[in-house]
Amino acid sequence: MIRRLKAAFAFYNFFQKKALQHNVPLYKKLGLNKSYFSPISSKDFEGIDPSVLQKNNNKSVEETTFFKILNKENQASVKAFDENGYIIIRKHLTSDIVDEVNAEIESLLLNKTITFNEVDKIMFAFHHAALLQNIGQDKYLLEFLSALLKGNAKLFQSINFMKGSQQKTHSDSIHMTTFPLGGLLGVWIALEDIDEENGPLHYYPGSHQLPYYLNKDYDNEGSYFLTGNKTYKAYEAMIAQEIKQRQLQKRTFTAKKGDLLIW
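Residues numbered from 1 in each chain as written. Predicted model: local features only at pLDDT ≥ 70, side-chain atom pairs only at ≥ 80, totals over all residues. Heavy atoms only, no water.

> Would you mind going over helix H5 (residues 72-79) with me for this structure?
Along an α-helix, a turn takes 3.6 residues, which lines up residues three or four apart on a common side. For H5, the complete set of buried residues consists of Asn74, Gln75, Ser77 and Val78. The buried side chains of H5 occupy one side of the element, clustering within an arc of 155 degrees when seen end-on. Opposite the buried face of H5, by more than 90 degrees, sit the exposed residues Lys72, Glu73 and Lys79. Tucked inside the fold, the buried residues of H5 contact helix H4 (65-68), helix H6 (81-84), strand S1 (87-89) and helix H9 (139-149). Put simply, asparagine 71 is the residue that caps the front of H5, since its side-chain oxygen is 3.2 Å from the backbone nitrogen of glutamate 73. (Buried < 20%, exposed > 50% of the residue type's maximum accessible area, 1.4 Å probe, protein only. Helix = DSSP H or I, 4+ residues; strand = E, 2+ residues; numbered from the N terminus. Arc of directions from axis to C-beta. Contact = heavy atoms within 4.5 Å. Polar contact = N/O pair within 3.5 Å; in protein donor to acceptor, adjacent residues only side chain to side chain.)

> Would you explain a nonpolar patch on the surface in this entry?
Residues Met1, Ile2 and Leu5 make up a contiguous nonpolar surface patch of roughly 340 Å² in combined accessible area. Looking at the element boundaries, isoleucine 2 is found in the segment before helix H1 (6-14). Judged by its relative accessible area of 64%, isoleucine 2 is exposed. (Patch = residues over 30% accessible without salt bridge, like charges linked within 9 Å, V, L, I, M, F, W, Y side chains within 5 Å. Areas by Shrake-Rupley, 256 points an atom, 1.4 Å probe, with all protein chains shown as cover. Salt bridge = Lys/Arg side-chain N within 4 Å of Asp/Glu carboxyl O.)

> Just checking my understanding: could you explain the environment of leucine 53 for this structure?
Mapping leucine 53 onto the fold places it in the loop between helix H3 (24-30) and H4. The spatial distance from the C-alpha of leucine 53 to the C-alpha of leucine 26 is 8.5 Å, given a sequence separation of 27 residues. Sequence-distant contacts of leucine 53, that is, excluding residues within four places in its chain, are made with Leu26, Lys29, Leu30 and Phe179.

> I tried to follow the side chain of aspartate 259 on my own but got confused; where do I start?
Within the element layout of this structure, aspartate 259 appears in the loop between strand S6 (251-253) and strand S7 (260-262). Aspartate 259 sits in the buried class, given a relative accessible area of 2%. A polar atom in the side chain of aspartate 259 sits 2.9 Å from the backbone nitrogen of lysine 256. Contacts of aspartate 259, omitting those with residues within four sequence positions, involve Ile89, Arg90, Lys91, His92, Trp188, Ile189 and Ala190.

> Any chance you could explain the packing of aromatic side chains here in plain terms?
The full count for this structure, using the stated rule, is 12 aromatic pairs. Between phenylalanine 66 and phenylalanine 144, the aromatic rings sit 4.6 Å apart at their centres with planes inclined by 35 degrees, giving tilted as the arrangement. Pair noted here: phenylalanine 66 is in helix H4 and phenylalanine 144 is in helix H9, with a separation of 78 residues, a long-range link. Pair check on accessibility: phenylalanine 66 and phenylalanine 144 agree, each one buried. Ring centres of tyrosine 218 and tyrosine 235 lie 5.9 Å apart, and the angle between their planes is 55 degrees; this geometry places the pair in the tilted category. Residue tyrosine 218 is found in the loop between strand S5 (201-203) and helix H10 (232-246), and its partner tyrosine 235 is found in helix H10; the two are separated by 17 residues along the sequence. You'll find tyrosine 218 and tyrosine 235 in the same group, each marked buried. (Phe/Tyr/Trp six-rings, centres within 6.5 Å; stacked < 30°, edge-to-face > 60°.)

> Could you clarify how one ought to interpret unusual backbone geometry in this entry?
In terms of backbone geometry, most residues other than glycine have negative phi values and most peptide bonds are trans. Of note, the bond from phenylalanine 179 into proline 180 is cis; its omega dihedral lies within 30 degrees of zero at -5 degrees. In this structure, proline 180 sits in the loop between strand S3 (159-161) and strand S4 (187-189). Positive phi values are uncommon outside glycine, yet lysine 91 reaches one of about 55 degrees. Mapped onto the fold, lysine 91 is located in the loop between S1 and helix H7 (95-110). Overall, the relative accessible area of 72% leaves lysine 91 in the exposed class.

> Help me understand the sheet that holds S1 in this model?
Read across the open sheet, the three strands follow the order S1-S7-S4; overall the sheet is antiparallel. Sheet topology places S1 and S4 at the edges, where each strand pairs with a single neighbour. Put simply, the sheet's adjacent strands are angled 15 degrees from each other on average, direction ignored. Here S1 pairs with S7 via three bridges, running antiparallel. Following the sheet pairing, isoleucine 88 is matched in S7 by leucine 261. Here H9 sits on the sheet in contact with S1, S4 and S7, set at roughly 25 degrees to S7. (Pairing = 2+ DSSP bridges. Axes fitted to C-alpha atoms, helices over the stretch in contact; angles between N-to-C directions.)

> Is there a simple way to think about the pattern of salt bridges in this case?
Pairing of side chains with opposite charge becomes possible as their charged atoms draw close. According to the stated counting rule, one finds six salt bridges in the structure shown. Between aspartate 44 and lysine 34 there is a salt bridge; the shortest N-O distance is 3.5 Å. Of this pair, aspartate 44 sits in the loop between H3 and H4 while lysine 34 is found in the loop between H3 and H4, placing the two residues 10 residues apart along the sequence. Exposure remark for aspartate 44: the relative accessible area of 25% places this residue in the partly exposed category.

The following block contains the structure:
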């Protein structure tokens, strides 16, 4: 029961002021009566006009430098984004650059600057790896992603996998929900050749047309004092049922070193 108490989250957040206080001006702008340590959920944003925060970007994807220097195959993938829900950019990074990235990660692991979490992921390595930061904050890539979002894209997280996570089908929007909805893009770069045998990413073409599912959609919203009592497995089951009902077909993403996937 303690793990479900919103007061416990507020207590933890109270000691994270440096990391969270930047949210307070946003809360005020949205008319939310929240402290930096207050628990917050999607329900708090109901009825708020999203245009208060939206930064319109009217630049088309095809006007960006990133798009213009792509070959015809990669440009075709970009143009099919609205239909498919994903973009595949072949040979985004050279093999030499990928080798440099892997060497930098290996060095940071050896000197224990970064470590694996409990499920064999390295979180936020870009804070310590200059090369990763340069790749993620490349001005041409960010301009391109901003055009896709019709907003202002920023790098806020990196995850390095040493093996496939074997995670069940999901949308990252359940973990990193944005306001307004739809303000999140995933960017995945292969740091080795990926085939059917070494943990390929799986996806469902057309699933980008599904609604954005929140806790309330599988009866897990909780109350004023408590978070919902359902586990993440309940969310996975709901997604599996939605995919089955819509008869979406599973595909896997195989890649060569340096290939990039955006969704």
